[in-house]
Amino acid sequence: MKPVKIICLIAICSFIIVACNQKKQSSEKEVTTEETIKINVVKLKPSIESSDAFKNNISVIFNGYLTIKNQLVESNLDKVREAVSKLQKDMNGNTEIVPTENNDSYISASLSINSTLSSIIEAKDLEQQRMYFKTLTAQVEELIKKFGINDATVYQQYCPMAFNNTGASWLSKEEEIKNPYFGDQMLECGEVQTAYTF
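Remember, predicted model here, so these are calculated numbers, not experimental data. (Residues numbered from 1 in each chain as written. Predicted model: local features only at pLDDT ≥ 70, side-chain atom pairs only at ≥ 80, totals over all residues. Heavy atoms only, no water.)

Let's talk about the overall build of the protein chain
Reasoning step 1: Within the protein chain one finds six helices and four strands.
Reasoning step 2: Counting helices and strands in the order they occur from the N terminus, the protein chain gives α-β-α-α-α-α-β-α-β-β.
Reasoning step 3: For the protein chain, restricting intrachain contacts to residue pairs at least 6 apart in sequence, the fraction spanning at least 24 positions comes to 68%. (Helix = DSSP H or I, 4+ residues; strand = E, 2+ residues; numbered from the N terminus. Contact = heavy atoms within 4.5 Å.)

Considerations on the side chain of Q88
Reasoning step 1: As for its placement among the helices and strands, Q88 is situated in helix α3 (residues 77–92).
Reasoning step 2: Once residues lying within four places of it in the same chain are set aside, the contact partners of Q88 are N114, L117, S118 and I121.

Some points on the nonpolar core
Reasoning step 1: F62, Y65, I68 and L136 are the most contacted members of the largest nonpolar core, which totals 43 residues.
Reasoning step 2: Elements supplying a minimum of two residues to this core: α2 (52–73), α3, α4 (103–122), α5 (126–147), β2 (153–159), β3 (168–172) and β4 (191–197).
Reasoning step 3: With residues up to four places along the chain from it excluded, the contact list for L136 reads Y65, I68, I113, T116, L117 and I120. (Core = buried A, V, L, I, M, F, W, Y, C linked by side-chain atoms within 4.5 Å. Buried < 20%, exposed > 50% of the residue type's maximum accessible area, 1.4 Å probe, protein only.)

Some thoughts on the confidence of the model for the protein chain
Reasoning step 1: Mean pLDDT over the protein chain: 83, with 77% of residues reaching 70 or higher.
Reasoning step 2: At the level of individual helices and strands, the protein chain shows its lowest average pLDDT in helix α1 (residues 2–32), which scores 43, and its highest in β3, which scores 98.
Reasoning step 3: Confidence drops under pLDDT 50 across residues 11–35; counting only partners more than four residues distant or on other chains, this segment forms zero contacts. (pLDDT = per-residue confidence, 0-100.)

Things to note about the packing of aromatic side chains
Reasoning step 1: Applying the stated criterion across every chain yields a total of eight aromatic pairs.
Reasoning step 2: Consider the rings of F54 and Y106, whose centres lie 5.2 Å apart with planes at 80°: the pair is edge-to-face. Note that F54 is positioned in helix α2 and Y106 in helix α4, a separation of 52 residues in sequence.
Reasoning step 3: The buried category is assigned to Y106, whose relative accessible area is 3%.
Reasoning step 4: Arranged with centres 6.2 Å apart and planes meeting at 15°, the rings of F62 and Y65 form a pair that is stacked. Here F62 and its partner Y65 are both found in helix α2, three residues apart, which amounts to about one turn of the helix. (Phe/Tyr/Trp six-rings, centres within 6.5 Å; stacked < 30°, edge-to-face > 60°.)

Examining the pattern of salt bridges
Reasoning step 1: Applying the stated criterion across every chain, the model contains six salt bridges.
Reasoning step 2: For R81, the salt bridge is made with D78, and the minimal N-O distance between the two is 3.4 Å. Residue R81 and its partner D78 are located together in helix α3, separated by three residues, close to a single helical turn.
Reasoning step 3: Across the pair E141 and K145 runs a salt bridge, and its minimum N-O distance is 3.4 Å. Of the two residues, E141 and K145 are both situated in helix α5; the distance of four residues between them amounts to about one turn of the helix.
Reasoning step 4: Judged by relative accessible area, which is 34%, K145 ranks as partly exposed. (Salt bridge = Lys/Arg side-chain N within 4 Å of Asp/Glu carboxyl O.)

Examining the sheet that holds β2
Reasoning step 1: The sheet built from four strands is open, its strands ordered β1-β4-β2-β3 with mixed pairing. For this open sheet the edge positions go to β1 (40–43) and β3, each flanked by a neighbour on one side alone. Averaged over all pairs of adjacent strands, the angle between their axes in this sheet comes to 25°, without regard to strand direction.
Reasoning step 2: Here β1 runs beside β4; their pairing, made up of four bridges, is parallel. Note that in β4 the partner of N40 across the bridge is T194.
Reasoning step 3: Contacts from α2 reach β2 and β3 within the one sheet, and its direction differs from that of β3 by about 120°.
Reasoning step 4: Sitting on the sheet, α5 is in contact with β2, β3 and β4, with an inclination near 50° to β3. (Pairing = 2+ DSSP bridges. Axes fitted to C-alpha atoms, helices over the stretch in contact; angles between N-to-C directions.)

Right, here's the structure in full:
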């Protein structure tokens, strides 16, 4: 009888050890098959050479843009309008920094941005504000690519579901996704497409 019990005990122990090893191997496989998202990093050389003082002016515009984005994330119509008004005042107060050799290019971009900002203020609801914000994003991105910005990494982020699945992008200083097109309804919907460094 005793040899039979010993054999059964050895068989049970062997089965448990084999099962544990298989479980460990399968969990290791799960870890190694996790998807890694790679961000496209682009070192940008501005198409128009400008001074550090002027790049600081572009930073003021970009920071104002970020404040608008953050208020859209919060889904606060009135706070978005306040942020837009402040950016308009900041832009109008910085005209003395405009480099004379690139005056026309900057003024043209500035007028386009100001027009879009006015549309955001006049928008009747968040949905309209977000529609104009999509335009503002393209304008600010073009401005940054053209003139540069001091000491910043700018993340271009994208949500494929915005505007009935036509998609829309936005800019951020942080890699973390905070979606301005959906706010808290779908705060983390989106992905980082490109990281611009200067």
